[in-house]
Amino acid sequence: MSIAHVYKRDHINTDEIIPARYLNTDDEMELASHCLEDLDGDFVNKVAEGDVIVAGDDFGCGSSREHAVWAIRGAKVGTVIARTFARIFYRNAINCGFYLIESQDAIEKINDGDEVEIDYENGVIRNKTAGVDISFNPLPDFALEIINDGGLLNHITKRQE
Amino acid sequence: MGMTITEKILAKAAGAEKVVPGQLIDARIDVVMCHDVTTPPAISMLEEKGIDRVFDRERIVVTPDHFQPAKDIKSAELHKRLDAWARRHDIKHYYKLGRAGVCHALLPEQGHIRPGEVIVGGDSHTCTYGAFGAFSTGIGSTDAAAAIATGQLWFKVPASMKFVLNGSLSPGVYSKDVVLAVIARIGVDGALYRAMEFVGPALAEMSMEARMTITNMAIEAGAKSGIIGFDDVTKEYLDEHLKDKTDYIVYESDSDAEYSAIEEFDCSAIEPMVALPHLPSGGVPVSECAGKEMDQAYIGSCTNGRIEDLRIAAGILKGKEVAIRTIVVPATPEIWKQAKDEGLFDVFYDAGCVISAPTCGACLGGFMGILASGEKCISTTNRNFVGRMGDPKSEVYLASPATAAASAVEGKIADCRKYM
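Residues numbered from 1 in each chain as written. Chains lettered and ligands numbered in written order. Predicted model: local features only at pLDDT ≥ 70, side-chain atom pairs only at ≥ 80, totals over all residues. Heavy atoms only, no water.

### Brief notes about the environment of G222 of chain B
Residue and element names in this part refer to chain B.
Okay, so step 1: When you line up the elements, G222 lands in the loop between α8 (208-216) and β10 (225-228).
Okay, so step 2: The buried category is assigned to G222, whose relative accessible area is 8%.
Okay, so step 3: Distance in space between the C-alpha atoms of G222 and G190 is 6.5 Å, their sequence separation being 32 residues.
Okay, so step 4: In this view, G222 contacts V188, A191, L192 and Y193; residues no more than four positions away in its chain are not counted. (Helix = DSSP H or I, 4+ residues; strand = E, 2+ residues; numbered from the N terminus. Buried < 20%, exposed > 50% of the residue type's maximum accessible area, 1.4 Å probe, protein only. Contact = heavy atoms within 4.5 Å.)

### A closer look at the sheet that holds strand β5 (residues 115-119) of chain A
All names here are of chain A.
Okay, so step 1: The mixed open sheet is built from seven strands, whose spatial order is β4-β3-β2-β1-β5-β6-β7. The open sheet has two edge strands, β4 (100-102) and β7 (132-135), and neither has a second partner. Taking each pair of neighbouring strands and ignoring which way they run, the sheet shows an average axis angle of 30 degrees.
Okay, so step 2: Relative to strand β3 (residues 79-82), strand β2 (residues 52-55) runs parallel, the two sharing four bridges. Residue A55 lies in a different strand from β3, and its bridge partner there is A82. (Pairing = 2+ DSSP bridges. Axes fitted to C-alpha atoms, helices over the stretch in contact; angles between N-to-C directions.)

### Points about the packing of aromatic side chains
Okay, so step 1: Summed over the entire model, instances satisfying the criterion amount to 13 aromatic pairs over all chains.
Okay, so step 2: Plain terms: the ring middles of Y90 of chain A and Y193 of chain B are 6.3 Å apart, the flat faces sit at 80 degrees to each other, and that makes the pair edge-to-face. Remark: Y193 of chain B occurs in the loop between α6 (175-186) and β9 (195-199) and Y90 of chain A occurs in helix α5 (residues 87-95); the pair is interchain, linking two chains.
Okay, so step 3: Here W336 of chain B and F345 of chain B contribute two aromatic rings whose centre-to-centre distance is 4.9 Å and whose plane-to-plane angle is 85 degrees, an arrangement assigned as edge-to-face.
Okay, so step 4: Exposure remark for W336 of chain B: the relative accessible area of 31% places this residue in the partly exposed category.
Okay, so step 5: For F345 of chain B, a relative accessible area of 11% translates into the label buried.
Okay, so step 6: For R91 of chain A, the ring lying beneath its charged end belongs to W154 of chain B, and the centroid distance is 4.0 Å.
Okay, so step 7: Taking NZ or CZ as reference, R185 of chain B lies 3.7 Å from the ring centre of F265 of chain B, over its face. (Phe/Tyr/Trp six-rings, centres within 6.5 Å; stacked < 30°, edge-to-face > 60°. Lys NZ or Arg CZ within 6 Å of the ring centre and 35° of its normal.)

### Re the interface of chain A and chain B
Buried accessible area, meaning the area lost when the parts come together, often serves as the stated size of an interface.
Okay, so step 1: Opposite the 40 residues of chain A that make contact, chain B presents 50 residues.
Okay, so step 2: The interface formed by chain A and chain B includes five salt bridges.
Okay, so step 3: Between D143 of chain B and R91 of chain A there is a salt bridge; the shortest N-O distance is 2.5 Å.
Okay, so step 4: Those elements giving two or more residues to the side of chain A that touches chain B turn out to be α1 (14-17), α4 (67-74), α5, α7 (141-148) and α8 (152-160) of chain A.
Okay, so step 5: Here the residues of the side of chain A that touches chain B sort into 14 nonpolar, 13 polar and 13 charged. (Salt bridge = Lys/Arg side-chain N within 4 Å of Asp/Glu carboxyl O. Nonpolar A, V, L, I, M, F, W, Y, C, P; charged D, E, K, R; others polar.)

### Some remarks on the pattern of salt bridges
Okay, so step 1: Taken as a whole, this structure holds 42 salt bridges over all chains when the rule is applied.
Okay, so step 2: R126 of chain A is the partner of D133 of chain A in a salt bridge, and the nearest nitrogen-oxygen pair spans 3.7 Å.

### Examining the domain arrangement of chain B
All names here are of chain B.
Okay, so step 1: Taken domain by domain, chain B comprises domain 1 (5-265) and domain 2 (275-419).
Okay, so step 2: Put simply, the middle of domain 1 and the middle of domain 2, counted by C-alpha atoms, are 24 Å apart.
Okay, so step 3: Between domain 1 and domain 2, the contact holds 38 residues from the first and 37 residues from the second.
Okay, so step 4: Both faces considered, domain 1 and domain 2 share a buried interface measuring about 2,900 Å² in area, 61% of it formed by carbon and sulfur atoms.
Okay, so step 5: In terms of surface lost to domain 2, no three residues of domain 1 exceed V102, K176 and E209, which account for 20% of the buried area on that side.
Okay, so step 6: Taken together, the links from domain 1 to domain 2 amount to one salt bridge.
Okay, so step 7: With a closest N to O distance of 3.1 Å, R383 and E220 form a salt bridge.
Okay, so step 8: Here domain 1 is connected to domain 2 by 20 residue pairs in polar contact (both at pLDDT 80 or more).
Okay, so step 9: Looking at the side of domain 1 that touches domain 2, its residues break down into 16 nonpolar, 14 polar and eight charged. (Domains from an automatic or database assignment. Buried area = accessible area lost by both parts, 1.4 Å probe. Polar contact = N/O pair within 3.5 Å; in protein donor to acceptor, adjacent residues only side chain to side chain.)

In structure tokens, the structure reads:
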């Protein structure tokens, strides 16, 4: 069961996802314990494995800190669904093998606390609480290839073999 | 159809005759910039994957800056990891404490930035180097690891937006005000995924330092890169700063190159700007927010911590006393020494400011000037996100060094023009 944590906001930035005061470590579990701290101090207490974050435009804007992706991944979040993503965050997620979903409608059709199920293969978010299906365009092939290889470094190593 | 300067640089890096926006390329990297926050994790990744190598020990530039001198035990550990790696691979350009500085001020100053090259760095403000007619962009740690080991990275060629800076800046108005006006107009994702190309007569009048302030903040509009073409001002800077590799290729955009948008600005009409919390796009003319009480002024960072910025601030602070905590952070040791030699330290000391060692410091809420709950800071830095410089309930107001200095004197947001 995946619960949606919905933030009806644009420009949720890397300082809100993982404040710089915690960048003196790259330990994923430690970063995860501060995930979204300056946006929603209670997030780490309510998030469960496989849950999803839903937001508006430009999610992850700001710093190049991959720590933002690690904090979210470390908090066992399954995916982030946003209308759009900031460029470096998007790239970092792909490079880490972490799937992101771009959807224009999700923010309108999912309420905080709704139960969702994601069909990555067919590009469908099923909002089981509202009984609504929301389709999305799967990531482009080159990104899928990197994600399926388990991230950029595995992808490179594999290509060189 | 012609190509933009960005497309030409990327075509060369990809070994192609031509590239078009949206095209995926494997680009050869000329320089990789490494600092203390994002590189240690990259090193660990390379070690874990068993590919602990560097593509070229002379094309990697290392400088701790974010938490240097080490602010706590954990950051000391980051520095230790960075140091051990740089020594193990005999990195040629490794700037240790005493020579290390805020990366985006240090690399151009030490002659590591050349036109026509592709530069990446594990820091979002790597876009700064575009001021030299180079393609430069910020990357995360995994990309940094790949770039360090292979000297190659995948890119999607960005579409370009053209920003025409017409007119001439009025006294008291600086490049920081221009870039805040640009971002106020297009928004923090107004240039998402794109290259921001700046042209125009107002730009031609700017020094390289002033230009770097503009390209530095391209990321604050969501851009992949910012770029400015080569001219005599660029050449003069490079002649002075380039050391070993003095050759470079100059590219310029074709007259029939394609832009996804063209934005014109009359710089003569721009006033000193202040970006209100909590987005860099919150810029308003100083007249709309003057009088707002501040608790701290911060003059430094990769955006405005260069010698020209310190001279501007000192020009206003000379013979005056600051009314609030004021922290001056020369961005590199060379700038620090220059400021000292020029007597700027005396001005700052007499005014009641504190002068820091070169560091990113409080710009990103690291240390050396963190804000308490409810405090407000007028800052020459680049971001005013929630919690950026300290407590989530603190506030950051972005402005030029002149506006920050004038505001320091009055203890509230002030129009620097009355001190000219």
